[in-house]
Amino acid sequence: MTRTARITWGAASARRLDRQFLAMSARTGTPVADVAGAMLGVHAQVLSAAELSVGLRTDGVTRADVRTSLWPTGSPSAPPPSLVKTHGPRGTVHLLPARDLPMWCAALPAIADGPGSFPSGVRLTREQAEQVVSAIADALDGTVLTIDELGEEVVARTGPWAGDLVMPAFQTMWPRWRQALHRAGQSGALSFGPNRGRKVTYTRPPHFAPMPSEEALRLLVRRYLHAYGPATPQHLARWLAAPPGWARALYDQLAAAGEIEEVDFEGTPAWVVADDTVFPGGSEQEDLLRGVRLLPYFDAYLIAAQPRELLFPGAAYRRALAGGQAGNFPVLLVDGVASGVWHQRRRGRRTTVTVEPLGRLTPRQQRELAEQAERVGEVLEAEAELVVGEVTVGAHA
């Protein structure tokens, strides 16, 4: 390791990959929640992608292990879940370690809101939103409900206004109260339960005492910089879908308190946790970067690692992003940079992993790609077949 305040892209990438269990997988027996915590949440809008994000970072873990961590089965004395599926950063669905909920559920509601997307006649007032969140928490305590069952309980606890069909959604109209669904998740009032057939269900996560919001925000930024630093306030704002001015003010507070410090990152001012300026160099950096990795839809590394134009260089920026948006394609990572896209299609006990590299792979890289495809099958509890060729599936919405 070398200590320096001038940090290159290669050094930053090597350290990020190491801290993300992407340079070397977590050993067998590592708790799934530890991996999710290192990632600062696992994007789970597509649950199979979340299972791959965790499984590809951990030796021996399968999708069954992830689901058991979310929804332990067995006797009433079964341990509480170590993972919670709920609304996390950007209001999107994530898997979060249950032990981290006191931080997340204090920090996320404290993030400044952008302009509302609904007109005044549709939008919930602040008081109404608080009523809805409270009603959701009360309705879900100790039970599991579908969205329709939850809606009936919310309206019964608040008033008919909550059930007004005013939100355009998928060629239909949703009730007004559903505007607060993501806020209920971010506040700890709601989490996802196991599907009931094809229906999504909701429950309430284990009870906890949230941290003071200011303390939680400071901790969240420090953990973000530990995992993905160096990073600018603009990078943090993009990751949280927060106003850039709010992020700059938060950085200023942390810098003034001596909790973060400025470094030179490829000629641009960026920040790391105070005294966390040790980055790999030389052969250690090369070893950490070297390798072929398959990252699924919306993998945390693809979303959070910045600047994006260095992670997705040249043709990768056009092929592996959707209008500059990361995560909409699964990505082939070669030596720390996006170098292609891939897709998996499951049929029964088999899954076909189609990989489209953007350049020629060496014999070593071809062998590593085959190993990664095999691991995809293991995580999904299927037998994998690798096909190298064009990926014809478009970007995920």
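That block above? That's the structure.
Asks: Could you give me a rundown of the nonpolar core, with the residues and numbers involved?
Replies: Nonpolar side chains in soluble globular proteins tend to be buried together. Within the largest apolar cluster, 108 residues are counted, with the highest numbers of intra-cluster contacts made by Leu150, Trp239 and Phe312. If we skip the residues at most four places from it in the chain, Leu150 touches Ile136, Ala139, Leu140, Leu145, Trp177, Leu181, Leu190 and Tyr202. In terms of nonpolar packing, the next biggest core, distinct from the first, is built from 15 residues, Leu294, Ala373, Val379 and Leu380 among them.

Asks: So, the pattern of salt bridges: which residues are in play, and what are the values?
Replies: For side chains of opposite charge, pairing can occur when their charged atoms come near one another. Scanning the entire structure with this criterion turns up 21 salt bridges. The closest approach of N and O atoms between Glu51 and Arg67, which form a salt bridge, is 2.5 Å. Taken together, the residues span a long stretch of sequence, with Glu51 in helix H3 (residues 47–55) and Arg67 in helix H4 (residues 63–70) at a distance of 16 residues. Judged by its relative accessible area of 35%, Arg67 falls in the partly exposed class. Here Glu356 and Arg319 are joined by a salt bridge, their closest N and O atoms 2.9 Å apart. Taken together, the positions of Glu356 in strand S17 (residues 350–357) and Arg319 in helix H15 (residues 315–319) put the pair 37 residues apart, joining distant regions of the chain. The network of salt bridges with shared partners includes Glu214, Arg218, Arg222 and Glu259.

Asks: A description of the environment of Ala5 should follow, citing residues and the corresponding values.
Replies: Within the fold, Ala5 resides in the loop between strand S1 (2–3) and strand S2 (6–7). With residues up to four places along the chain from it excluded, the contact list for Ala5 reads Val263 and Asp264.

Asks: Would you mind going over the side chain of Gln344 in detail, with residue names and values included?
Replies: As for its placement among the helices and strands, Gln344 is situated in strand S16 (residues 337–347). On the basis of relative accessible area, Gln344 is assigned to the buried category, the value being 19%. Here Thr351 takes part through its side chain, which lies 2.5 Å from a polar atom of the side chain of Gln344.

Asks: Give a description of the packing of helix H6 (residues 126–140) against helix H7 (residues 147–158) that names residues and reports values.
Replies: Viewed as axis vectors pointing N to C, H6 and H7 meet at an angle of 120°, and their least axial separation amounts to 9 Å. Taken together, the axes of H6 and H7 lie oblique to each other. Between H6 and H7 lies a crossing of right-handed hand. Between H6 and H7, the contacting residues are Gln131, Val132, Ala135, Ile136, Asp138, Ala139 and Leu140 on the first element and Leu150, Glu153, Val154, Arg157 and Thr158 on the second. Tallied by class, the residues present in the contact of H6 with H7 amount to seven nonpolar, two polar and three charged.

Asks: Just give me the short version of the pairing of strand S12 (residues 268–273), but keep the residues and values in it.
Replies: Sheet topology note: the strand S11 (residues 260–265)/S12 ladder contains six bridges and is antiparallel. Looking across to S12, one finds that Ile260 is bridged to Val273. Linkage of S11 to S12, two consecutive antiparallel strands, is achieved through a turn of two residues, within which Glu266 is found at a positive phi near 55°.

Asks: Outline the sheet that holds strand S14 (residues 292–295), supporting the account with residue identities and numerical values.
Replies: With mixed pairing, the five strands of this open sheet are ordered in space as S14-S15-S16-S17-S18. In the strand order of this sheet, the two ends are held by S14 and strand S18 (383–388), each with one partner. Each strand axis lies, on average, 30° off the axis of its neighbour in the sheet, ignoring direction. Pairing of S14 with strand S15 (residues 331–334) involves four bridges; the strand directions are antiparallel. Within the sheet, the bridge partner assigned to Leu295 lies in S15 and is Val331.

Reading the values: the criteria
- Each chain carries its own residue numbering, running from 1 in the written order of its sequence.
- Per-residue local features of the predicted model are confined to residues with pLDDT of at least 70, and side-chain atom pairs are confined, for both listing and counting, to 80 or more; whole-chain, interface and lining totals are unaffected and use all residues.
- With hydrogens and water stripped out, all remaining heavy atoms of the structure feed into the side-chain values.
- Put simply, a nonpolar core is a bunch of buried Ala, Val, Leu, Ile, Met, Phe, Trp, Tyr and Cys residues held in one set by side-chain atoms that sit within 4.5 Å of each other.
- Summary of the burial criterion: residues with accessible area below 20% of their type's maximum are buried, those above 50% are exposed, and those between are partly exposed, where the area comes from a 1.4 Å probe applied to protein chains only.
- Any pair of residues with heavy atoms lying within 4.5 Å of one another is described as a contacting pair.
- A carboxyl oxygen of Asp or Glu within 4 Å of a side-chain nitrogen of Lys or Arg is what we treat as a salt bridge.
- Segments assigned H or I by DSSP are reported as helices when at least four residues long, segments assigned E as strands when at least two residues long, and all are numbered from the N terminus.
- In protein, a polar contact requires one atom able to donate a hydrogen and another able to accept it; more generally it is a pair of N or O atoms within 3.5 Å, and residues adjacent in sequence count only if both atoms are side-chain atoms.
- Inter-axis angles, ranging from 0 to 180 degrees, are taken between N-to-C directions of lines fitted to C-alpha atoms, where helices are fitted over the stretch in contact.
- Under this scheme an angle from 65 to 115 degrees is roughly perpendicular, one under 35 degrees roughly parallel, and one over 145 degrees roughly antiparallel; angles in between are oblique.
- Left-handed describes a crossing whose near helix is turned anticlockwise from the far helix through less than a right angle; right-handed describes the clockwise counterpart.
- Each residue is assigned to one class: nonpolar for Ala, Val, Leu, Ile, Met, Phe, Trp, Tyr, Cys and Pro, charged for Asp, Glu, Lys and Arg, and polar for all the others, Gly among them.
- Two strands qualify as a pair provided that DSSP identifies no fewer than 2 bridges between them.

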